[in-house]
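Tertiary structure, described
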Amino acid sequence: MVPAPLQPQPDDVFDHYPRKIQFRWDPVSISGAKYRLEMDAFGARVANKWAEEVNQTFAVYNNLTTHTFEHNFVGAQRGRWRVGAIVNGRKCSWPPWSYFRFTI
């Protein structure tokens, strides 16, 4: 029950401003499933660290009912994201992170 990330692809590099990014994934094949999306920006919470490295989160969006999500990313830096399913109110395990980067 892991949604497959489609966009951005692993290691995508973006050079547009504003840094609006659309996350897109394949849905799981369970009727009524919802999604949660977690995003992280390198150094956004503590310099030179991912939020998870200091037991924090950067941004988590729960109970999404679509297969896309738009976000204005912070800074010209590395980012990462992952999307997990919520089935019958139960949060499934997170999949591995997928990384991307903004250059401007």
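Structural data are supplied above this passage.
Fair warning: this is a prediction, and the values are worked out from it, not measured in the lab. Throughout this description, residue numbers start from 1 for each chain and increase along the sequence as written. Restriction of local features to residues with pLDDT of at least 70 applies here, the model being predicted, together with a cutoff of 80 or more for giving and counting side-chain atom pairs; totals for whole chains, interfaces and linings are based on all residues. Just so you know, side-chain values use all the structure's heavy atoms and leave hydrogens and water out.

Glancing now at the nonpolar core. For the purposes of this section, nonpolar cores are sets of buried Ala, Val, Leu, Ile, Met, Phe, Trp, Tyr and Cys residues that join through side-chain atoms within 4.5 Å. Between buried and exposed lies partly exposed: a residue is buried under 20% and exposed over 50% of the maximum accessible area for its type, with that area taken using a 1.4 Å probe on protein chains only. In terms of nonpolar packing, the biggest core is built from 23 residues, with F23, W25, Y35, L37 and F100 touching the most fellow members. Among the elements of the structure, β3 (20–26), β4 (34–41), β5 (59–64), β7 (78–87) and β9 (98–102) are those that each provide at least two residues to this core. Every residue in contact with F23, bar those within four places of it in the chain, is listed here: Q7, P8, L37, M39, H67, T68, F69, H71, W81 and F100. Secondary structure elements follow DSSP: runs of H or I of four or more residues count as helices, runs of E of two or more count as strands, with numbering from the N terminus. Here, residues are in contact when the closest pair of their heavy atoms is within 4.5 Å.

Before going further, it helps to examine the packing of aromatic side chains. Aromatic pairs are defined between Phe, Tyr and Trp rings, using the six-membered ring for Trp, whenever the two ring centres lie within 6.5 Å; interplanar angles under 30 degrees are classed as stacked, those over 60 as edge-to-face, and all others as tilted. A complete count under the given rule lists eleven aromatic pairs for this structure. Plain terms: the ring middles of F73 and F100 are 5.2 Å apart, the flat faces sit at 70° to each other, and that makes the pair edge-to-face. Of the two residues, F73 sits in the loop between β6 (68–72) and β7 while F100 sits in strand β9, which places them 27 residues apart along the sequence. Both residues of the pair, F73 and F100, belong to the buried class. Through a chain of ring-to-ring contacts, the aromatic side chains of F14, F23, F73, W81, F100 and F102 assemble into a single cluster. Note on criteria: charge over ring means Lys NZ or Arg CZ within 6 Å of the ring centre, with the direction from the centre no more than 35 degrees off the ring normal. Lying over the aromatic face of W94, R36 brings its terminal NZ or CZ to 3.9 Å of the ring centre. A cation over a ring is seen here: R78 above F42, with NZ or CZ 4.0 Å from the ring centre.

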